[in-house]
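Tertiary structure, described
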Amino acid sequence: MRIYDISEPISPATAVFPGDNGFTAEWVMRMADGASCNVSTLRMSAHCGSHSDAPLHYSETGADAASMDLQPYLGRCRVITVASVDDPPVVDAESLSGALDGVERVLLRTSQQHDAESFDPNFTALGPAAAQRLVDAGMKLVGIDAQSMDHATCKDLKSHNILREGSVSLLENLDLSAAPDGDFELIALPLKIVGGDAAPVRAILRELT
């Protein structure tokens, strides 16, 4: 069964939202210096690379990353290429029509290219209309190849909250450039970070048998 790695690589070059903390690593112990092993300390935003937003990210009373239900992050899912509308661009809710039958998890490809090292301020966000369409369709999880479900200039995070109110789990910053449209098994478990507003994931798609 073929596996598609849909995770962004995490390095100092990985793009983050302007003002957020990028990835850094510092060696604490080095075998080259006579230590028995190599040990490093990592520092980065919880939203660096492919990750899942916890409800705590956009609700003071929301669950933290350690409390999120893992079931949505494991199971059959569908990759869909979607069109965009408006300015700034959002997913065209009409492009989801007829594409969600028989599936509870969906990953949205908004672009054929994916550059993990550049922050595009004009990325295609999910948008409230598409978010509501996905909730109404009974999705358990929604993933997107863009930096966020809402635009960087959005203050009310309406798309995030529509998904939260519909009990939909989120994945952001996915690299879907090599995965074709279709149905797969998704494995994208978030780290168990107590008090975390988000958690990195190593997201993969596995071909169905």
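Here, every reference points to the structure presented above.
Described below are features of the structure shown in this document. (Residues numbered from 1 in each chain as written. Predicted model: local features only at pLDDT ≥ 70, side-chain atom pairs only at ≥ 80, totals over all residues. Heavy atoms only, no water.)

The next subject is the overall build of the protein. Secondary structure assignment for the protein yields two helices and 13 strands. Taking 209 residues into account, the globule formula puts the C-alpha radius of gyration at 17 Å, and the protein, at 17 Å, falls close to it. Taking the principal axes of the C-alpha coordinates as reference, the protein spans close to 60 × 45 × 30 Å. Relative to its 209 residues, the protein shows a buried fraction of 44%. Considering only contacts within the protein whose residues lie at least 6 apart along the sequence, 71% involve residues at least 24 apart. For the protein, the accessible area works out to roughly 10400 Å², and carbon and sulfur atoms hold 50% of it. (Helix = DSSP H or I, 4+ residues; strand = E, 2+ residues; numbered from the N terminus. Rg over C-alpha atoms; globule rule 2.2 N^0.38 Å. Buried < 20%, exposed > 50% of the residue type's maximum accessible area, 1.4 Å probe, protein only. Contact = heavy atoms within 4.5 Å. Areas by Shrake-Rupley, 256 points an atom, 1.4 Å probe, with all protein chains shown as cover.)

Turning next to the pattern of salt bridges. Taken as a whole, this structure holds seven salt bridges when the rule is applied. For the salt bridge of R78 with D183, the shortest nitrogen-to-oxygen distance reads 2.6 Å. Residue R78 is found in strand β5 (residues 74–81), and its partner D183 is found in strand β11 (residues 182–187); the two are separated by 105 residues along the sequence. Among the salt bridges present, the one from K140 reaches E104, with a minimum N-O distance of 3.3 Å. Of this pair, K140 sits in the loop between α1 (128–136) and β9 (141–144) while E104 sits in the loop between β7 (90–91) and β8 (105–109), and the two are 36 residues apart along the sequence. (Salt bridge = Lys/Arg side-chain N within 4 Å of Asp/Glu carboxyl O.)

Looking at helix α2 (residues 158–165), one finds that the buried residues are S159, H160, N161, I162 and L163. Looking at the buried residues of α2, the elements they touch are β4 (51–53), α1, β9 and β10 (169–171). Directly after α2, the chain includes S167, whose backbone phi takes a positive value near 60°.

Glancing now at the sheet that holds β10. One open sheet accounts for seven strands, arranged β1-β13-β11-β5-β8-β9-β10; its pairing is mixed. The strands lining the two open edges of the sheet, one partner per strand, are β1 (3–5) and β10. Within this sheet the neighbouring strands show an average axis-to-axis angle of 30°, counted without direction. Across four bridges, β8 lies against β9 in parallel orientation. Pairing of V106 across the sheet is with V142, part of β9. (Pairing = 2+ DSSP bridges. Axes fitted to C-alpha atoms, helices over the stretch in contact; angles between N-to-C directions.)

Because side chains alternate across β9, one face comprises the buried residues L141 and G143, and the other comprises V142 and I144, equally buried. In this view, the connection linking β8 to its parallel neighbour β9 by way of α1 has right-handed handedness. For the handedness criterion, the β-α-β arrangement of β9, α2 and β10 is classed as right-handed. (Right-handed = clockwise from strand over helix to strand, strands pointing away.)

The next point concerns the packing of aromatic side chains. Each aromatic ring pair is specified by the distance between its two centres and by the angle formed by the two planes. Summed over all chains, the structure comprises four aromatic pairs. Each ring, one from F17 and one from F123, has its centre 6.3 Å from the other, and the planes form 75°; the classification is edge-to-face. Pair noted here: F17 is in the loop between β1 and β2 (24–29) and F123 is in the loop between β8 and α1, with a separation of 106 residues, a long-range link. Among the residues examined, F17 registers a relative accessible area of 27% and is labelled partly exposed. For F123, a relative accessible area of 4% gives the class buried. Grouping aromatic residues by their ring pairs yields a cluster made of F17, F119 and F123. (Phe/Tyr/Trp six-rings, centres within 6.5 Å; stacked < 30°, edge-to-face > 60°.)

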